[in-house]
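Remarks on the overall topology
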Amino acid sequence: MSGKRIKSSGAAYQKAAKEKKKNNEELLQKIPKLHSFFHTRIVGSPEMIPIEEYSQSKRCLPTDISKIEIPLNTTDDTKVTEISTQPHSQQAEITVYDFNEKSQIPGPDPVKWNLNLDSINFLLANPPKIDISTIPFAETKRMFGNISRRLTPDHFMRKLQNGEKKLREWILYSPSKNALFCFQCLLFSPKPTVFGNKNEGFINWKKCNESLQEHETSKTHAESVRIWFSRIKKEDRGVIDLELKLNIENQISYWKNVLYRVVETVSFLASRGLAFRGNSHNFGSKQNGNYLGCLELVAKFDPFLSAHIANYGNKGKGNVSYLSSNICDEFISLMSDTVIDKIVSEIKERKYFSLIVDSTPDVTTRDQLTVAIRYISNEGLPVERFLGFIPSVGHKGSDMEQALLKKFCELNIDLKFCRGQSYDNASNMSGVYNGLQTRIKNYSSTAFFVPCSAHSLNLIGSNAADTTQEGTKFFFICQAIYNFFSVSTFRWNILTNIIEKNPGCVKIKKLCSTRWSSRYDVCRAMCNGYAQVLSALNTICDDEGQKKDTRHEARSIKNKIESLNFCFMICMWTPILQRFNATSISLQSIDIDLATVVTLYDSLEKYVEDFRERFDVYLEQAKTMCSKQLFSWDGVRQKKRNKFFDETESNEELLGGEQKMKCEVFYVIIDKLAMNLRERKLSYTDINNNFGFILKLDTLDTNGIRESAKNLVKIYPEDLNETFIEELVQFKNILNLFSKEDKSSFISLLKCLTNSSLLTTFPNVEIVLRIFCCMASSNASGERSFSVLKRIKNYLRSALVDEKMSSLSILNIESDILQQIDWSDIIHKFAVLKSRKKLI
């Protein structure tokens, strides 16, 4: 190689750029400005003044007209843009009226208006609307001698001759001056009037009715209205940029309609958890994914979208179409933020909430911490909302604490209003020293920890089954049966054909390690299809075409399930697990409170205790099922334990037959279930005892009610005051008027009280009910979010980034809120988020 430089150096590029910038600035200075050829008249002033006199403080930006952006609505942070064109020049100038400072934007008080061309144009585009309900009529008092007079709502209504009343929309009320003004006269009055005087306004309440009638029929007011109406009519404005503004409005309408279809498509796919992209990003390709595919489907029946895709689709980067994957991702993020903002506003309005936190690995083995929240809606019903996933937090209590603090700080939610925590029973979550629940109490001392009631029920069953060898062996054999048939389609078809010939039988199920109560399905299938499973095993054993190891495995399983031991365990576990499963389903419901949890645990404990006396019943059922009368250890020589030299002789005998199954298996499992239920119930009883007396007010005396109420005031000193005690005593008499259904639970009582007229009389009672009902009794909502996580981030979408994955999960789980959001609001946020190449 010659070593000669082919491209310019960096310094050369910089020098060339500076020269180019300097030449452009010199060229722009030579171009005459638009206002040098035209003069404009300040609205409301009869004389003509040059535009230089009022535009020196304004920011003038020469630019290409095709790149002007106009926001949908003018707000505190938006800009009102007025565009003028020069007929004989290719250059144009845009005068931007900057409203960045809130003091420059006309507020609701007309006295504080700084009337100039900018503010008048703003008021024409955003006229103030009177709302009588917001006027403090009690504060409008004025003294006329010894008589005080106030404004009334009738002053804002015009009574016609036929008796009808019309709202006087021209009236403006100033709280600072306590005066009335006329909107049109204040802006365009050619003569001074009482209602158009900004410095004073109308303040004579004594003659208010006469003055209002006189003003609205005066010629001055009529002329002001005429000028105002002519200004807001586009065809009568008489401005030189009318055609350009009409063109801009058409462009805005066009791109709004495009984005409307984009928003609806994104909402449809996200709410159903479907994938968006494919292997191609071009219209017409079969691998372009669901997003572009849905747009193509809509375009077949929508001429507007069809024409837009034909004109703008497949043009590549740099060409604006608002159909690209980047725009789709922006809308996903924007829509999820809108849903979260809605949830956060509801939480702040209802004040009290409880936390639901759990974690699980996703398909890439990346740990995801789910965060949900429970609060009471305005209708008095409990609501559990999903706030998103937090990736790679760790399993230490301190790590999860910092992650939650950061999350709630970003959402601007104060943890001091947290009144409950519901996690699983892992030590890092429930630990009393370093667990997450203890760390959250540092920010809210009344954030009481409530172990997940459904998870506790699973632990109760699994612990009881593992206490005996027969219990562990039984479920092991059930799983072996499922594995044997499901591993081969031939074996599964043999079993399916036999089961289908017998109505009432169901297919065998596999065990679930996380939902222990669902093992009822396993026992029910074995109980109803026991004979059919045996028949399928016999068919495989006698089939000479099967491999020897297959026939041997089938014979081994057949010998195990033909025993009286196995049949007795089926008959024993099926009714127990049926009640455990039904109770677990109730515990996972959102519409449940801790009082109901305690009631369900009590009923299940009593059921298990009564079950202890039914050994003989289930033994007879087992004998009938397998046609055998002896257990596996009967007829086998029992080995006696060798005694040590210092042990005394005893006449103890080894148990055998039915007594061994009864004492060493049946009683052990049943007693373990009852004991665990009793222990786990204490976690909910302690909290329920503080509130449970409210549903029993009609059975308590006044002194007992006062003592219980004092205890609640002591526990929640920042939420309740001493008036709650007497308020509750009075509420006892009101409670007798409620129906039996309304006072059957705390949630029904709270709903009835919230929707009644008694809320203002018993506010502290409502607070107590709201605190108690917002305590989550299970973290089932967190577990449900894991199902959404598996659908959204599956092995085909394993490269999905954490932020987008969390946004899609929010849109899928909280799809009911997503459907309530107005698409125009989302498009408006999208438009003002950053500069756009097209008008929106």
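Not measured: the values here are computed from a predicted model. (Residues numbered from 1 in each chain as written. Predicted model: local features only at pLDDT ≥ 70, side-chain atom pairs only at ≥ 80, totals over all residues. Heavy atoms only, no water.)

Here we take up the overall build of the protein chain. The helix and strand tally for the protein chain stands at 31 helices and 14 strands. A total of 840 residues make up the protein chain; the buried ones form 45% of that total. Long-range contacts, defined as pairs at least 24 residues apart, comprise 68% of the intrachain contacts of the protein chain with a sequence gap of at least 6. Split by element, the accessible area of the protein chain, about 45200 Å² in all, is 50% carbon and sulfur. (Helix = DSSP H or I, 4+ residues; strand = E, 2+ residues; numbered from the N terminus. Buried < 20%, exposed > 50% of the residue type's maximum accessible area, 1.4 Å probe, protein only. Contact = heavy atoms within 4.5 Å. Areas by Shrake-Rupley, 256 points an atom, 1.4 Å probe, with all protein chains shown as cover.)

In this section: the packing of aromatic side chains. Under the defined criterion, the tally for this structure stands at 37 aromatic pairs. Ring geometry for Phe137 and Phe156: centres 6.0 Å apart, planes at 75°, overall edge-to-face. Of this pair, Phe137 sits in the loop between α3 (117–125) and β4 (142–144) while Phe156 sits in the loop between β5 (147–149) and β6 (157–159), and the two are 19 residues apart along the sequence. A residue is classified by how much of its surface remains accessible, and Phe137, at 17% relative accessible area, is buried. A relative accessible area of 1% places Phe156 in the buried class. Pairing Phe746 with Phe772 gives two aromatic rings, centres 4.5 Å apart and planes at 55°, and the pair type is tilted. Placement of Phe746 in helix α26 (residues 746–754) and of Phe772 in helix α27 (residues 763–773) is noted, with a sequence separation of 26 residues between them. Here Phe746 falls in the buried class, since its relative accessible area comes to 1%. (Phe/Tyr/Trp six-rings, centres within 6.5 Å; stacked < 30°, edge-to-face > 60°.)

Turning our eyes to something else, we now look at the environment of Arg491. When you line up the elements, Arg491 lands in helix α16 (residues 489–500). Residues Arg491 and Ala536 lie 45 residues apart in sequence; the distance between their C-alpha atoms is 8.1 Å. Discounting residues that sit within four places of it in the chain, Arg491 has contacts with Phe484, Phe485, Ile540 and Thr550.

Quick look at the packing of helix α20 (residues 564–587) against helix α21 (residues 594–611) now. Running from N to C, α20 and α21 cross one another at 175°; their axes reach a closest spacing of 11 Å. Of the possible angle classes, the one that applies to α20 and α21 is roughly antiparallel. Between α20 and α21, the contacting residues are Met572, Pro575, Ile576, Arg579, Phe580, Thr583, Ser586 and Leu587 on the first element and Val597, Leu600, Tyr601, Leu604, Tyr607, Val608 and Phe611 on the second. Class assignment for the residues of the contact of α20 with α21 results in twelve nonpolar, two polar and one charged. (Axes fitted to C-alpha atoms, helices over the stretch in contact; angles between N-to-C directions. Parallel < 35°, antiparallel > 145°, perpendicular 65-115°, else oblique. Nonpolar A, V, L, I, M, F, W, Y, C, P; charged D, E, K, R; others polar.)

Inspection of the entire model under this criterion finds 27 salt bridges. A salt bridge links Arg158 to Glu216, with the shortest nitrogen-to-oxygen separation between them at 3.3 Å. Taken as a pair, Arg158 in strand β6 and Glu216 in helix α5 (residues 208–216) lie far apart in primary sequence, 58 residues in all. We classify Glu216 as buried; its relative accessible area is 13%. Salt bridges here are not isolated pairs; linked through shared partners, they connect Asp602, Glu605, Glu609, Arg678 and Lys681. (Salt bridge = Lys/Arg side-chain N within 4 Å of Asp/Glu carboxyl O.)

One rule of thumb: low pLDDT means the predicted coordinates there are not for detailed reading. Averaged over all residues, the pLDDT of the protein chain equals 82, while 86% of them reach at least 70. In the predicted structure, residues 38–103 sits below a pLDDT of 50 and forms 124 contacts with residues beyond four places in sequence or in another chain. (pLDDT = per-residue confidence, 0-100.)

As a further point, take the side chain of Ser781. Positionally, Ser781 belongs in helix α28 (residues 780–792). Ser781 has contacts with Ile356 and Glu384, leaving out every residue within four places of it along the chain.

Here we take up the packing of helix α17 (residues 519–528) against helix α18 (residues 530–541). Where α17 contacts α18, the two axes come as close as 4 Å, and the packing angle between them is 75°. One finds that α17 runs roughly perpendicular with respect to α18. Here Ala525, Met526, Cys527 and Asn528 of α17 lie close against α18, whose contacting residues are Tyr530, Gln532 and Val533. Class assignment of the residues belonging to the contact of α17 with α18 gives a composition of five nonpolar, two polar and no charged.

Below, the discussion takes up the side chain of Ser806. With respect to the helices and strands, Ser806 occurs in helix α29 (residues 802–813). Excluding its chain neighbours within four sequence positions, the residues that come into contact with Ser806 are Gly388 and Phe389.

Within α3, eight of the nine residues are buried, which leaves the element mostly enclosed by the surrounding structure. Regarding α3, the residues found buried are Leu117, Asp118, Ser119, Ile120, Asn121, Phe122, Leu123 and Leu124.

Bringing a nonpolar patch on the surface into the picture now. A cluster of nonpolar side chains, namely Val363, Tyr795 and Leu796, defines an oily patch on the protein surface of about 380 Å² accessible area. If you trace the backbone, Val363 turns up in the loop between β10 (353–361) and β11 (367–376). (Patch = residues over 30% accessible without salt bridge, like charges linked within 9 Å, V, L, I, M, F, W, Y side chains within 5 Å.)

This part takes up the sheet that holds strand β13 (residues 418–422). The five strands lie next to each other as β12-β11-β10-β13-β14, forming an open sheet whose pairing is mixed. The open sheet is flanked by β12 (382–391) and β14 (448–449), the only strands paired with a single partner. Bridging between β10 and β11 involves nine bridges; their strand directions are antiparallel. Counted as the bridge partner of Ser354 is Arg374 from β11. On top of the sheet, helix α10 (residues 325–350) reaches β10, β11 and β12; it is set at about 45° to β11, its chief contact. (Pairing = 2+ DSSP bridges.)

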